[in-house]
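Here is how the chains run, residue by residue.
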Amino acid sequence: MHAAARNSRYSATVRWAHWLTVLAVAAAYLLVELGDDDEHGGTAGSAMQGHYLAGLVVLGLLLVRVIGMAIGPRPPIVPAPGHLSVLVARVTHLALYLFLLAQPIIGILSVNYAGETVTLPWSGTALPALVHADPGAREFVEELHESLGEIFYWVIGLHVVAALWHHFVKGDNTLRRML
Ligand code: HEM
Ligand code: HEM
């Protein structure tokens, strides 16, 4: 591949982290639905364990991604989008980053406030509890986690529509930079 083509994309680390994050977020959404079905909203079964794991993977990938973004190339969009487009993208991306950070942490708090710990699969290692059991706080963070989960269906949807619009309607390189 020519150097110009290589440099016009995000680094492999950032691209891999982005698409693995998409998979992990999708897995978290899917598994929680399965968990709801066979455990009536309980938190003990294997689908919920999978949900926790997917959420922890999201958190890990976020770290990789932020470091990758900080040290790697930020290829420009060609042709350059307008000011409004740039502003909407900034706000959406910031919201997505905050979600990727906050949602897993709020999930962990929800488990800990219920007096349980999050255990890693296979090794069975329990992560240290961040907080003590507290039914009132549990109810609050549980509702927050659920609301954020619903709101971000829409934010993620907007992000995906924007990416496809750039690619198919404007015909710029926004999406190709991430492929
Ligand atoms: C990006 C990652 C995550 C996403 C997108 C996500 C999303 C969701 C959604 C949509 C629900 C369903 C709420 C409902 O029943 O309507 C849920 C429930 C839940 N999540 Fe997560 N979650 C994530 C990470 C985590 C993590 C890391 C943990 C804990 C380690 C966690 C713990 C829980 C718990 C305990 C519930 C069930 C609450 C209940 O009792 O109904 N989540 N999550
Ligand atoms: C769970 C789903 C997704 C999440 C959480 C997510 C999150 C993010 C985040 C945080 C950025 C960072 C942008 C930056 O720092 O500049 C980004 C960039 C990007 N995403 Fe996603 N994304 C998701 C799904 C998708 C999908 C399905 C597509 C394609 C259809 C897509 C296409 C892109 C593109 C093209 C960029 C680069 C945008 C730019 O540089 O202006 N994303 N994504």
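Now for a look at the structure at hand. (Residues numbered from 1 in each chain as written. Chains lettered and ligands numbered in written order. Predicted model: local features only at pLDDT ≥ 70, side-chain atom pairs only at ≥ 80, totals over all residues.)

Further remarks concern the overall build of the chain. Looking only at helices and strands, the chain has five helices and zero strands in total. Listed N to C, the secondary structure of the chain is α-α-α-α-α in terms of helices and strands. Judged by the C-alpha coordinates and their principal axes, the chain covers about 55 × 30 × 25 Å. Here the analysis covers contacts within the chain between residues at least 6 apart in sequence; of these, 68% occur between residues at least 24 apart. (Helix = DSSP H or I, 4+ residues; strand = E, 2+ residues; numbered from the N terminus. Contact = placed C-beta atoms within 7 Å.)

This next bit is on the site of ligand 1. Residues in close proximity to ligand 1 total 23 residues, the closest being Tyr52, Gly55, Pro104, Gly107 and Gly149. Mapped by element, the contributors of at least two residues to the shell around ligand 1 are helix 2 (12–39), helix 3 (46–71), helix 4 (83–113) and helix 5 (135–170). Looking at which element gives the most residues to the shell around ligand 1, the answer is helix 4, with six residues. Partitioning the shell around ligand 1 into residue classes produces eleven nonpolar, nine polar and three charged. (Near = placed C-beta within 6 Å. Nonpolar A, V, L, I, M, F, W, Y, C, P; charged D, E, K, R; others polar.)

For the rest of this paragraph, the subject is the environment of Val111. Considering the arrangement of structural elements, one finds Val111 in helix 4. When the C-alpha positions of Val111 and Tyr52 are compared, they lie 9.5 Å apart, and in sequence the two are 59 residues distant.

With that settled, the discussion passes to the site of ligand 2. Around ligand 2, the surrounding shell holds 19 residues, and the nearest of these are Val25, His93, Leu96, Ala163 and Met178. Every element with two or more residues in the shell around ligand 2 is listed here: helix 2, helix 4 and helix 5.

With that settled, the discussion passes to the nonpolar core. Residues Tyr10, Val14, Ala17, Ala24, Val25, Ala28, Leu31, Val32, Ala54, Val58, Leu61 and Leu100 constitute the largest nonpolar core, which totals twelve residues. Those elements that place two or more of their residues in this core are helix 2 and helix 3. With seven residues, helix 2 is the largest single contributor of residues to this core. Other than its neighbours up to four places away in sequence, Ala54 contacts Ala24, Ala27, Ala28 and Leu31. (Core = buried A, V, L, I, M, F, W, Y, C linked by C-beta atoms within 7 Å. Buried ≥ 20, exposed ≤ 12 C-beta atoms within 10 Å, placed from the backbone.)

A few words now on helix 4. A rise of 1.5 Å per residue sets the reference length of helix 4, with its 31 residues, at 45 Å; its end C-alpha atoms lie 44 Å apart and thus fit the reference within 8%. Three or more residues of helix 4 are buried, namely Leu100, Gln103, Pro104, Gly107, Ile108, Leu109, Ser110, Val111, Asn112 and Tyr113. Residue Gly115 follows helix 4 closely and has a positive phi angle near 85 degrees. (Expected span 1.5 Å × (residues − 1).)

For Val169, the position within the fold is in helix 5. Given 8 C-beta atoms within a 10 Å radius, Val169 is considered exposed.

Another aspect to go through is the packing of helix 4 against helix 5. Between helix 4 and helix 5, the least distance of the axes is 9 Å, while the angle of their chain directions is 155 degrees. Classed by the angle they form, the pair helix 4 and helix 5 counts as roughly antiparallel. Remark: the crossing between helix 4 and helix 5 carries left-handed chirality. Each of Thr92, Ala95, Leu96, Phe99, Ala102, Gln103, Ile106, Gly107, Leu109, Ser110 and Tyr113 in helix 4 lies in contact with helix 5, whose residues at this interface are Ala137, Arg138, Val141, Glu142, Leu144, His145, Leu148, Phe152, Val155, Leu158 and His159. (Axes fitted to C-alpha atoms, helices over the stretch in contact; angles between N-to-C directions. Parallel < 35°, antiparallel > 145°, perpendicular 65-115°, else oblique. Left-handed = near helix turned anticlockwise from the far one by under 90°.)

The peptide bond linking Val78 to Pro79 adopts the cis configuration, its omega dihedral lying at -5 degrees. Structurally, the position occupied by Pro79 is in the loop between helix 3 and helix 4.

To continue, consider the packing of helix 3 against helix 4. Relative orientation of the contacting elements helix 3 and helix 4 amounts to 145 degrees, with a least axis distance of 9 Å. Crossing hand, helix 3 versus helix 4: left-handed. In this structure, helix 3 uses Gly55, Leu56, Val58, Leu59 and Leu62 to contact helix 4, whose residues at the interface are Leu100, Leu101, Pro104 and Gly107. When its residues are assigned to classes, the contact of helix 3 with helix 4 shows seven nonpolar, two polar and no charged.

Keep in mind that these numbers describe shape and distance, not what the molecule does.
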